[in-house]
Number of protein chains: 2
Amino acid sequence: MSERRPPRSAAHELERYDGLFASRTRVMRSSAMRDLMAVTVRPEVISLAGGLPDTSTFDPALFARLLGEMPTAQALQYGPSEGLLGVRQAITRVMAAEDMDVDPEHVIVTTGGQQAIDLVTKTLVDPGDVVIAEAPTYPGAVPTFCSYEAEVIQIEMDADGMSIDALEETLARLDREGRRPKFIYTIPTFQNPAGVTMSLERRRRLVALARERELIVLEDNPYGLLRYEGDPLPTLRSLEVPADSTEDNDFVIYAGTMSKILSPGVRVGWLVAPRPLLAKLILGKQASDLCSSTLTQHFVAGYFASADWRAYIDELRDVYHRRRDVILDALAEHLPAAASWTRPHGGLFIWVTLPDFINTTDLLARALAENVAFVPGEAAFADGRGQHSMRLNFSSEADDDIREGVRRIGKIVAEQVSMYEKLTGRPGATAAGRAATAVHGGAGGAGVERGAAENTPTGDALPANVLELPRRGATEGRRSRGA
Amino acid sequence: MSERRPPRSAAHELERYDGLFASRTRVMRSSAMRDLMAVTVRPEVISLAGGLPDTSTFDPALFARLLGEMPTAQALQYGPSEGLLGVRQAITRVMAAEDMDVDPEHVIVTTGGQQAIDLVTKTLVDPGDVVIAEAPTYPGAVPTFCSYEAEVIQIEMDADGMSIDALEETLARLDREGRRPKFIYTIPTFQNPAGVTMSLERRRRLVALARERELIVLEDNPYGLLRYEGDPLPTLRSLEVPADSTEDNDFVIYAGTMSKILSPGVRVGWLVAPRPLLAKLILGKQASDLCSSTLTQHFVAGYFASADWRAYIDELRDVYHRRRDVILDALAEHLPAAASWTRPHGGLFIWVTLPDFINTTDLLARALAENVAFVPGEAAFADGRGQHSMRLNFSSEADDDIREGVRRIGKIVAEQVSMYEKLTGRPGATAAGRAATAVHGGAGGAGVERGAAENTPTGDALPANVLELPRRGATEGRRSRGA
C-alpha cells in the first residue's frame with residue numbers, strides 16, 4: 001500500500017460535493033452521536049445499546065449440519081425477488097404460531113426487517129407525506145422515514161401502547177388540513193424501544209379505524225413470539241381477518257423477521273401485504289437489491305424443515321426472561337427514585353426516563369467513559385424529543401454484565417442528580433424532579449414514560465447502526481460473553 | 001388453509017389504493033413483459049435472458065469446507081453497516097488484480113452490485129435530476145434510476161464504448177439549460193448489455209472531463225476479470241489516481257461485485273467512494289437494510305483467505321470463453337444477414353440488432369412459445385428505444401442449449417422476415433433492411449448496434465427480475481444444465 005497524503009479537512013471536502021447531494025441527505029445527516037457510539041466497539045464496553053439477540057445460544061452442531069446440507073449451485077445462484085418458496089412457506093408456519101393464516105403467495109422475503117420498512121415507505125411516501133408512528137418509535141425506522149422525506153407524526157403511548165384517542169385527534173386535525181397519512185407504523189407487541197404492549201381493546205379500535213378510514217397500518221412484529229409472561233394477544237393482522245375467514249387483508253401490512261427468533265446475520269425478514277401492494281413492493285425490492293441472499297434463504301428453509309425451531313424459541317425465551325428479571329432488579333437497586341422505567345412482558349427493551357435536568361445524549365459521553373453504552377432517547381423521535389430517556393437492551397449481554405452495566409449507569413445518574421442539587425439547592429432525586437408527563441402502568445403492567453414534548457427539537461436523527469449493530473468484538477472474533 | 005374467496009378484479013383493487021402510492025411508483029410500473037417473462041421459469045425453457053453465472057462450476061467440497069469453518073455465533077449476528085473488515089480486505093485484493101490500490105476504509109460492502117447503484121442514486125438524485133448512462137445501459141439500473149425519478153439521458157455507443165463527443169455535446173446542452181448531471185453511470189468493460197469495451201483514449205477523455213467539470217462518474221465493473229481475449233485496460237478509477245499516487249479519488253465512484261467471480265447468491269457487492277460520499281452512502285445503507293448478511297460475508301472472507309480464487313476465475317474464464325465462441329458461431333449460422341451483433345472480448349452478454357420491422361418485445365412472446373427466452377432491448381433504455389434489439393447471455397446455459405436456443409431464435413426471426421417480405425414485397429433479409437444507425441466494430445473488434453432513436457417510446461421499464469433472475473429450476477431444485 002503506498003503512503004497516502006494526510007486527510008483533507010472534512011469541511012473542505014464536504015463543500016466540494018455539496019451541490020451534488022440529494023435533498024434527502026440533509027435530513028439523513030448524522031449527529032455527533034454516531035462518532036460517540038463508535039466507541040462502543042471497544043471490547044471492554046458493556047453495551048446495553050444494541051438490539052442484538054444472543055446468537056451464542058444457537059447450537060454449533062446444528063449450524064454445521066444445516067450448512068453441510070445446502071445445495072452448492074443453487075445456494076450460490078440468484079433467487080426470485082419475492083424469495084424462495086421454501087422460505088415463504090416457513091414464514092407462514094412462524095405466522096401460524098401467532099394464529100395467522102397466510103398464503104405463501106402473499107409473502108415477500110426482505111433483506112431483514114429493516115428492508116420491510118424501507119420498501120413500504122418507498123412504495124407509499126412522497127416528500128412531505130405524513131407517516132404516523134408511536135412516541136417513541138423504533139430508532140432504526142426514523143432514518144428510513146427521513147430518507148423518503150416523510151413528515152413523521154408520533155402519537156403518545158402509555159402502558160397500553162399507542163393512545164387511540166390521541167391518534168383520532170391527530171387524524172381529525174389532518175382531516176381539517178386536507179391531509180391523510182400514508183400509513184400508521186406500529187409495533188403493537190413488546191414495542192421497541194418502549195417495551196409496552198398495545199391492549200386488545202386498542203388493537204380492535206385501531207383495526208376498526210383503519211377499515212373505516214381506509215388507512216394502511218404497517219404492523220411490525222419482530223418480538224411477538226418472545227413473551228415471558230401473560231397471555232398472547234391477537235395481531236392486528238389477525239384482528240382484521242380472522243384465521244378462518246375467506247377475506248383478504250385490505251389495510252394491515254404485516255412485517256416480520258428471523259432476526260430475533262433465529263438470526264439477524266441471515267438478513268431474512270418479510271412482508272405480507274394486500275395483493276395490489278405486493279406487486280409494487282416487489283418492483284421496489286428489485287430496484288433495491290434484486291433479491292435477498294439465496295445462500296441464507298436455503299439455510300433458513302433447511303432450518304425450518306429439519307430443526308425444532310419452536311424449542312429454540314423456548315430456549316431464547318428462558319434466557320431473555322431471566323435477563324429481563326436481572327435488569328429490572330438492577331434498575332431497582334441502582335437508579336435513583338426520580339427515574340422510572342417500563343416493565344416489558346416480552347421482547348428485548350426497557351425504556352428508562354430520568355429527571356428532566358438530565359440529557360441522555362450528554363449522559364452517554366460520560367457513560368462511555370465508564371465503558372457502558374445505551375441508546376439515548378432522542379434516537380426514537382424524529383423531532384428531538386426523548387432527551388431525558390434511554391433505551392436499554394437486556395438480550396445480548398450476560399447476566400453479570402447487565403448488572404454491572406446498570407450499576408455504572410446508576411452511578412453516573414447519581415452524580416448528575418447530586419450536581420444538580422448542589423447547583424440549584426433543589427431536590428433532584430425524588431419523584432418531584434420527574435418530567436410531568438410520565439405515565440406508569442398499573443400493577444404488573446408495563447408502563448411508559450412519554451418523551452417531554454416541550455423540549456427543543458434538535459433535528460438530529462441517529463443512524464441505525466447506533467441501534468442495531470454489535471460491538472466489533474461480537475462479529476469480528478471477540479469471545480462472546482453470552483450467558 | 002381455509003378456502004379463500006375468488007380474487008377481486010385487479011382494476012378494482014388497484015383503484016382502492018391508488019391515492020396512496022408514491023409518485024415514484026408511476027414510473028416504476030411494470031410492463032406486460034413481467035408476466036411474459038414469468039413463463040421462463042418453466043424448466044423446458046432455454047433462457048438466454050438472465051445474467052447468471054454458472055455456479056455449478058463451484059467445487060461442492062470447497063463450499064462445504066468453507067461453510068464448515070464458519071464461526072456460528074458471529075455468522076448469525078448483525079455486522080457493521082460498512083461490512084466486515086475481512087471482506088473489505090478481500091475486496092482490495094480483487095481490485096488489486098485490476099491494478100487498483102484501495103484502502104479497506106474506503107470500501108462499503110453492499111447487498112449485491114444492485115444495491116451499490118441504488119445507494120449512489122439515493123445519495124445524489126432528487127426527482128428530475130439528470131443521470132447520464134450509456135445507450136443501451138444495464139437493464140437492472142433503469143428501474144433503480146426511475147425509482148428515484150431521475151431523468152436518464154443515454155449516450156450513444158459504438159465498438160469503442162460511450163461516445164465522448166456525444167457526451168460533451170450533451171453536457172454543453174445541459175449547461176445551456178443551467179443543468180448539471182448528478183452522475184455518469186458507465187460499465188466501461190464488457191458492457192451490459194452491449195458487450196463492448198471503452199477504448200483507452202475514451203477512458204482518458206472521460207476521466208479528464210470528470211476532473212475538469214467536477215462530475216461524479218459511477219464506474220460499474222462486474223466483469224473486468226472475465227476477459228477472454230486482448231489485453232486488460234486500466235479502470236477509470238486507476239486512471240483518475242494511479243496505483244503509486246498518494247492522491248485520493250475525487251470523482252470516480254467504483255462499484256464491484258462478487259456475483260460474477262464467485263456467487264450472486266451471497267449478495268456481496270461493494271462501493272469505493274471519495275470520503276465525503278462514503279459517510280452519506282453508509283447512512284443510506286443503514287436506512288435500507290442495516291447491514292448485508294454476516295453469514296455470507298464470513299463465507300466470502302473465508303473463501304479469499306483460504307481458496308485459490310484466481311484459479312476459479314481462470315476456470316470460469318475458460319468455460320465462458322468457450323461458450324462465447326459457441327454463441328458467436330450459432331449466431332452466424334442461424335441469424336439472417338439483416339441481423340448484426342457485437343463480439344465481446346469478455347463478460348456475459350451479446351447485443352443483437354434485428355431489422356427494424358421486428359419488435360423484440362413482440363418477438364419474445366413467439367420465442368417463449370418455442371421455449372427460448374432473451375431480454376428485449378427496450379429493457380436497456382429508459383425511453384422506449386431498443387425495440388429492434390435483444391440481449392443474449394452466454395454464461396448460464398450449456399453449450400448445446402446455447403446452440404439450440406439460438407437456432408430457435410433464428411427460426412422465428414426468419415419467419416418474421418419472410419412474413420414481412422410477403423406483406424410488403426420488399427427484401428427483409430438483407431443489410432438494406434437494417435436500422436440506418438447501426439454501427440459495427442472493425443476487424444476482430446466488438447461492434448454495437450445503437451437502438452433506433454426514432455421509435456415511439458412506450459414508457460415501460462422492465463423489472464430487474466427479467467434480467468438477473470434464474471428460471472425457478474436453477475434455484476428450486478431443477479437439475480443444473482451447466483456444461
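About the thresholds
Residues numbered from 1 in each chain as written. Chains lettered and ligands numbered in written order. Predicted model: local features only at pLDDT ≥ 70, side-chain atom pairs only at ≥ 80, totals over all residues. Helix = DSSP H or I, 4+ residues; strand = E, 2+ residues; numbered from the N terminus. Buried ≥ 20, exposed ≤ 12 C-beta atoms within 10 Å, placed from the backbone. Contact = placed C-beta atoms within 7 Å. Pairing = 2+ DSSP bridges. pLDDT = per-residue confidence, 0-100. Domains from an automatic or database assignment. Nonpolar A, V, L, I, M, F, W, Y, C, P; charged D, E, K, R; others polar. Axes fitted to C-alpha atoms, helices over the stretch in contact; angles between N-to-C directions. Parallel < 35°, antiparallel > 145°, perpendicular 65-115°, else oblique. Left-handed = near helix turned anticlockwise from the far one by under 90°. Expected span 1.5 Å × (residues − 1).

Draft legend 1. Geometry of the overall build of chain A. Helix and strand counts for chain A come out as 18 helices and 14 strands. Burial status across chain A gives 57% buried among its 483 residues. For chain A, the proportion of contacts with a sequence separation of at least 24, taken over those separated by at least 6, is 79%.

Draft legend 2. Geometry of the environment of Pro336 of chain B. Mapped onto the elements of the fold, Pro336 of chain B is located in the loop between helix H14 (309–334) and strand E10 (340–341). Considered as a pair, Pro336 of chain B and Val417 of chain B are 81 residues apart in the sequence and their alpha carbons are 8.5 Å apart.

Draft legend 3. Representation of the sheet that holds strand E14 (residues 389–393) of chain B in the model. Residues and elements named next belong to chain B. Taken in spatial order, the four strands line up as E10-E11-E14-E13 in an open sheet, and their pairing is antiparallel. Every other strand in the sheet has two partners, leaving E10 and strand E13 (375–376) as the edge strands with one partner each. Here E10 pairs with strand E11 (residues 349–353) via two bridges, running antiparallel. The residue bridging Trp341 from the neighbouring strand is Val352, located in E11.

Draft legend 4. Seen up close, unusual backbone geometry. Across the junction of Ala135 of chain A and Pro136 of chain A, the peptide omega takes the value 0°, indicating a cis bond. Position of Pro136 of chain A among the secondary structure elements: in the loop between strand E3 (130–135) and helix H8 (141–147). One non-glycine residue, Phe190 of chain A, lies in the positive phi region at around 55°. Tracing the backbone through its elements, the reader meets Phe190 of chain A in the loop between strand E6 (183–186) and helix H10 (200–213). Within the chain, Arg267 of chain B stands out as a residue other than glycine whose phi angle is a positive 50°. Assessed through the 33 C-beta atoms surrounding it within 10 Å, Arg267 of chain B is described here as buried.

Draft legend 5. Structural context of the sheet that holds strand E11 (residues 349–353) of chain A. Residues and elements named next belong to chain A. If you walk across this open sheet you meet the four strands as E10-E11-E14-E13, and the pairing is antiparallel. Two strands lie at the open edges of the sheet, namely strand E10 (340–341) and strand E13 (375–376), each paired on one side alone. Two strands pair when backbone bridges link them, and E11 and strand E14 (residues 389–393) are joined in this way by five bridges, in the antiparallel orientation. For Ile350, the partnering residue across the bridge sits in E14 and is Leu392.

Draft legend 6. Quick look at the pairing of strand E2 (residues 107–110) of chain B. All names here are of chain B. Side-chain alternation along E2 places Val107 and Val109 on one buried face and Ile108 and Thr110 on a second face that is also buried. Of the pairings in the sheet, the one linking E2 to strand E9 (residues 269–272) comprises four bridges and is antiparallel in character. Pairing of Ile108 across the sheet is with Leu271, part of E9.

Draft legend 7. Representation of the pairing of E14 of chain B in the model. All names here are of chain B. Within E14, five of the five residues are buried, which leaves it mostly tucked inside the rest of the structure. Judged from the two bridges that link them, E13 and E14 form a sheet pairing that is antiparallel. Its bridge partner lying in E14, Val375 is registered against Arg391.

Draft legend 8. Region of the structure containing the confidence of the model for chain A. Residues and elements named next belong to chain A. Mean pLDDT over chain A: 85, with 82% of residues reaching 70 or higher. A low-confidence stretch, residues 1–9 stays under pLDDT 50, and its non-local contacts, those more than four residues away or across chains, total nine contacts. Interface scoring of the predicted complex returns ipTM 0.86; its pTM is 0.88.

Draft legend 9. How the structure looks around the domain arrangement of chain A. All names here are of chain A. Here the domain parsing of chain A yields domain 1 (26–58 + 311–472) and domain 2 (73–307). Counting from both sides, the interface comprises 46 residues of domain 1 and, opposite them, 38 residues of domain 2. For the side of domain 1 that touches domain 2, the secondary structure elements donating two or more residues are helix H14 (309–334), E11 and helix H17 (465–468). Of the residues forming the side of domain 1 that touches domain 2, the biggest block, six residues, is contributed by H14. Among the residues forming the side of domain 1 that touches domain 2, the class breakdown is 25 nonpolar, 15 polar and six charged.

Draft legend 10. Structural view of the packing of helix H13 (residues 294–306) of chain A against helix H13 (residues 294–306) of chain B. Remark: H13 of chain A packs on H13 of chain B, axes separated minimally by 9 Å, with the N-to-C direction vectors making an angle of 120°. Between H13 of chain A and H13 of chain B, the crossing angle belongs to the class labelled oblique. The interaxial crossing formed by H13 of chain A with H13 of chain B has right-handed handedness. Side by side, H13 of chain A and H13 of chain B meet where Leu295, Thr296 and Phe299 of chain A of the first sit next to Leu295, Thr296 and Phe299 of chain B of the second.

Draft legend 11. H14 of chain B, seen in detail. If you check H14 of chain B, its first and last C-alpha atoms are 37 Å apart, about what 26 residues at 1.5 Å a residue would give, namely 38 Å. Turning to H14 of chain B, its buried residues number three or more, namely Trp309, Leu316, Tyr320, Arg323, Arg324, Val326, Ile327, Ala330 and Leu331 of chain B.

Draft legend 12. View of the environment of Asp126 of chain B. With respect to the secondary-structure elements, Asp126 of chain B resides in the loop between helix H7 (112–124) and strand E3 (130–135). For the pair Asp126 of chain B and Ala150 of chain B, spaced 24 residues apart in the sequence, the C-alpha separation amounts to 7.0 Å.

Draft legend 13. Expanded view of the packing of helix H7 (residues 112–124) of chain A against helix H12 (residues 275–289) of chain B. Where H7 of chain A meets H12 of chain B, the axes come as close as 5 Å, and the angle between the chain directions of the two elements is 95°. Classified by the interaxial angle, the pair formed by H7 of chain A and H12 of chain B is roughly perpendicular. Contact with H7 of chain A, carried on its side by Gly112, Gln114, Gln115 and Asp118 of chain A, involves Ala287, Ser288 and Asp289 of chain B of H12 of chain B and no other residues of that element. Looking at the contact of H7 of chain A with H12 of chain B, its residues break down into one nonpolar, four polar and two charged.

Draft legend 14. Up close: H13 of chain A. The terminal C-alpha atoms of H13 of chain A lie 18 Å apart, and with 13 residues this matches the ideal 18 Å at 1.5 Å per residue to within 8%. Among the 13 residues that make up H13 of chain A, ten are buried, leaving the element largely enclosed by the rest of the structure.

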